[in-house]
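Examining the three-dimensional arrangement
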Amino acid sequence: MKTIPVHQIPQPAVTCSTCAACCCQLEVMLITDTGVPERFIDTDEWGGEVMLRLDDGWCAALDRDSMRCTIYEKRPLICREFEMGAPECIEERKGIATAYR
């Protein structure tokens, strides 16, 4: 009897081209001044400054066509520290599994 070898299929690499910007649905507190334009700043229920999110939960600074940040050079510190491919990124990607086929 012959056995069929099992090969592990590698997970796709996390890159900008395979990103569905799921982190752009998280609440982002503004804890440092990076120059975020006022039109993208909101106040949360406790009086803290946060990134404005649209009614559907997406960050207002996200370009929906390209799924890229329109204020990338002035993005908040939390966004700068949220590393592509880090465990937190991978966990958020699991939450939008339908975006990754």
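These remarks concern the structure in this document. This one's a predicted model, so the numbers in the text were calculated from it and none came from an experiment. (Residues numbered from 1 in each chain as written. Predicted model: local features only at pLDDT ≥ 70, side-chain atom pairs only at ≥ 80, totals over all residues. Heavy atoms only, no water.)

As for the layout of surface pockets
A probe as big as a water molecule, rolled over the atoms, marks out the empty space that is left. Inclusion rule: Detection works on a 1 Å grid of protein atoms alone, calling trapped sets that fit a 1.4 Å probe cavities and calling open sets with protein on both sides within 12 Å along at least five of seven lines pockets, with lining residues defined by an atom within 4 Å of a point. Grid points are joined across faces, edges and corners, and a volume is the space filled by probe spheres set on the points. Secondary structure elements follow DSSP: runs of H or I of four or more residues count as helices, runs of E of two or more count as strands, with numbering from the N terminus. Polar here means any residue other than Ala, Val, Leu, Ile, Met, Phe, Trp, Tyr, Cys and Pro, which are nonpolar, and Asp, Glu, Lys and Arg, which are charged; Gly is therefore polar.
In this model, the largest pocket occupies a volume close to 720 Å³. Along the wall of the largest pocket there are 30 residues; nearest its centre are Cys23, Cys24, Tyr72, Cys79 and Phe82. When residues of the lining of the largest pocket are traced back to their parent elements, those giving at least two are strand E4 (68-69), helix H1 (77-81) and helix H2 (87-95). In terms of residue class, the lining of the largest pocket is built from 24 nonpolar, no polar and 6 charged.

Comments concerning the packing of aromatic side chains
Aromatic ring pairs are defined here through the distance separating the ring centres and the angle between the ring planes. Note the cut-off: The criterion for an aromatic pair is that two Phe, Tyr or Trp rings (for Trp, the six-membered ring) have centres within 6.5 Å, with stacked assigned to planes under 30 degrees apart, edge-to-face to planes over 60 apart and tilted to the rest. Two conditions define a charge sitting above a ring: the NZ of Lys or the CZ of Arg must be within 6 Å of the ring centre, and it must be within 35 degrees of the ring normal.
Counting across every chain of the model gives 0 aromatic pairs. In this structure, Arg75 packs its charged tip against the face of Tyr72, placed 3.8 Å from the ring centre.

Geometric values such as these leave the question of function open.
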